[in-house]
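A structural walkthrough
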Amino acid sequence: MAKRSVGDIEKIWSNVEGVKKLSDRVVGLGPFGIGMDGLLTWVPFVGDAYTVGAGGWLMIQAVRARASAATMARMAAYLLSDTATAVVPFAGAVVDTLFPAHLLAARALQKDIETTHWVEANEREARASGEHDRHVATMRADPKKRRIVYLHD
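In this text the structure is predicted, and so the values were computed from the model without any measurement.

Quick word on the nonpolar core
Residues Ile-9, Leu-58, Met-75, Leu-109 and Ile-113 are the most contacted members of the largest nonpolar core, which totals 18 residues. When contributions to this core are tallied by element, the ones reaching two or more residues are helix H1 (6–24), helix H3 (46–64), helix H4 (69–84) and helix H6 (101–114). For this core, the leading source of residues is H6, giving five residues.

What follows is the structure, given as structure tokens:
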């Protein structure tokens, strides 16, 4: 993996926010919304292309952000269920319009990013120098943090 910075992770979070809104919240009414995914699902092939393309892009961002395996599995489940609805004529389009898969997958990735203690260092070097113990203590002191990711491995 290439070296990343905390700024790179913040940019991924922000870019995912944009896709979340574009895909499932262009027009919002209270807790409900519709976006490009729901609108384009009614256009043959175009809707499928958008659903798969946006979902694939979200998964690439998850890999870039070093999301946990559990988060990537959750994201994949949302996105695959959204894509699978396309096989059912008409009813599949209705489900696709109402099911905010991209929004749910994006939220899962954003939560993963928010609950990670990011370290711009190499883990092996941090362990050798004793800095790793400090990072563990910092992570444990914040009840929102669940894991540590070293960005320079």
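Let's pick the thread back up.
A look at the pattern of salt bridges
Counted by the stated rule, this structure contains five salt bridges. The closest approach of N and O atoms between Glu-17 and Lys-20, which form a salt bridge, is 2.9 Å. Placement of both Glu-17 and Lys-20 in helix H1 is noted, with a separation of three residues, approximately one turn of the helix. The exposure classification of Glu-17 matches that of Lys-20, with both residues buried. The residue Arg-127 makes a salt bridge to Glu-123 at a minimum N-O spacing of 2.9 Å.

Observations regarding the pairing of strand E3 (residues 116–119)
Neither face of E3 is exposed, since Thr-116 and Trp-118 on one face and His-117 and Val-119 on the opposite face are all buried. When E3 meets strand E4 (residues 147–150), the two strands line up parallel, connected through four bridges. Bridging from a neighbouring strand, Trp-118 pairs with Val-149 of E4.

Looking at H6
In this model, H6 (14 residues) spans 20 Å end to end at C-alpha, consistent with the 20 Å of a helix rising 1.5 Å per residue. Within H6, 10 of the 14 residues are buried, which leaves it mostly tucked inside the rest of the structure. For H6, every residue scored as buried is listed here: Ala-101, His-102, Leu-103, Ala-105, Ala-106, Ala-108, Leu-109, Gln-110, Asp-112 and Ile-113. Looking at the buried side of H6, the elements it contacts are H1, helix H2 (36–40), H3, H4, E3 and E4.

Conventions used here
The numbers attached to residues start from 1 for each chain and follow its sequence in the written order. Side-chain atom pairs in this predicted model are given and counted only at pLDDT of 80 or more, local residue features only at pLDDT of at least 70, and totals for whole chains, interfaces and linings cover all residues. Only hydrogens and water are set aside when side-chain values are computed; all heavy atoms of the structure are taken into account. To define a nonpolar core, start from buried Ala, Val, Leu, Ile, Met, Phe, Trp, Tyr and Cys residues and group those joined through side-chain atoms within 4.5 Å. Here's how the labels work: a residue is buried when its accessible area is under 20% of the maximum for its type, exposed when over 50%, partly exposed in between, all with a 1.4 Å probe on protein chains only. Under the scheme used here, helices are H or I runs from DSSP no shorter than 4 residues and strands are E runs no shorter than 2 residues, and both carry numbers assigned from the N terminus. We define a salt bridge as a side-chain nitrogen of Lys or Arg found within 4 Å of a carboxyl oxygen belonging to Asp or Glu. Strand pairing requires that DSSP identify at least two bridges connecting the strands. In this analysis, the expected span of each helix is defined as 1.5 Å times one less than the number of residues it contains. By the convention used here, residues are in contact when the closest approach between their heavy atoms is within 4.5 Å.

Nothing here speaks to function; it is geometry throughout.
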